[in-house]
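# Structure at a glance
Now for the letters of each chain:
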Amino acid sequence: MRSTISSGSSFEREIGYSRAVVDGDWVFVSGTTGFDYSTMTISESVVEQVEQSMRNIAQALAEAGSRIEDVVRVRYILPRVEDFEPCWPVLRKYFGEVRPAATMIAAGLTDPRMKIEIEVTARKAAPAT
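Attention here is on the structure that accompanies the text. Only a predicted model underlies this, so the values are computations on that prediction, with no experimental measurement involved. (Residues numbered from 1 in each chain as written. Predicted model: local features only at pLDDT ≥ 70, side-chain atom pairs only at ≥ 80, totals over all residues. Heavy atoms only, no water.)

## Side note on the layout of surface pockets
Rule in force here: Cavities and pockets are found on a 1 Å grid laid over the protein atoms alone: a cavity is a set of points where a 1.4 Å probe fits but cannot escape, a pocket is an open set with protein on both sides within 12 Å along at least five of seven lines, and a lining residue has an atom within 4 Å of such a point. Grid points are joined across faces, edges and corners, and a volume is the space filled by probe spheres set on the points. Strands here are runs of E lasting at least two residues and helices are runs of H or I lasting at least four, both read from the DSSP assignment and numbered beginning at the N terminus.
The computed volume of the largest pocket comes to approximately 160 Å³. Together, Phe-11, Ile-15, Tyr-17, Arg-19, Ser-30, Gly-31, Thr-32, Thr-33, Tyr-37, Thr-110, Met-114 and Glu-117 line the largest pocket. The set of elements that each furnish at least two residues to the lining of the largest pocket consists of helix 1 (10-16) and strand 3 (26-32). For the lining of the largest pocket, the leading source of residues is strand 3, giving three residues.

## Things to note about the pairing of strand 2 (residues 20-23)
The condition is simple: A pair of strands is labelled paired if DSSP reports no fewer than 2 bridges between them.
In this structure, strand 1 (residues 2-5) lies alongside strand 2, joined through four bridges in antiparallel fashion. Each residue of the ladder has a partner; that of Ile-5, found in strand 2, is Ala-20. The sheet contact formed by strand 2 and strand 3 spans four bridges and is antiparallel. Within strand 3, the position partnered with Val-21 by the bridge is Phe-28. Following strand 2, the chain reverses through two residues before pairing antiparallel with strand 3; Gly-24 in that reversal takes a positive phi of roughly 65°.

Take a look at the structure:
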């Protein structure tokens, strides 16, 4: 069974994608930036952007019946390689115990205000018996 989740971001409507897609036990969260979707604002700080990105991802996972602890794969995309290391403490806070497979890619993003984009794949945990 396939379903979609929206954050309410205008980007989803304008571009034609979903914040996340749930397909069976799998949750695929689209590349997520540091925008606060309720106000469509974004901090100038890469560290604040990664924190907001992770909150956005956690919210999408929760709506899908999943959580950060269920993440098995993460991709980080940053225009500036040197911005990655300052993000590590925040990423460790969320993924330090989870330790998903991970890749960091240096590439341009669609908006020059965006300093990081994070994409995750999670597998929903089996219900406790």
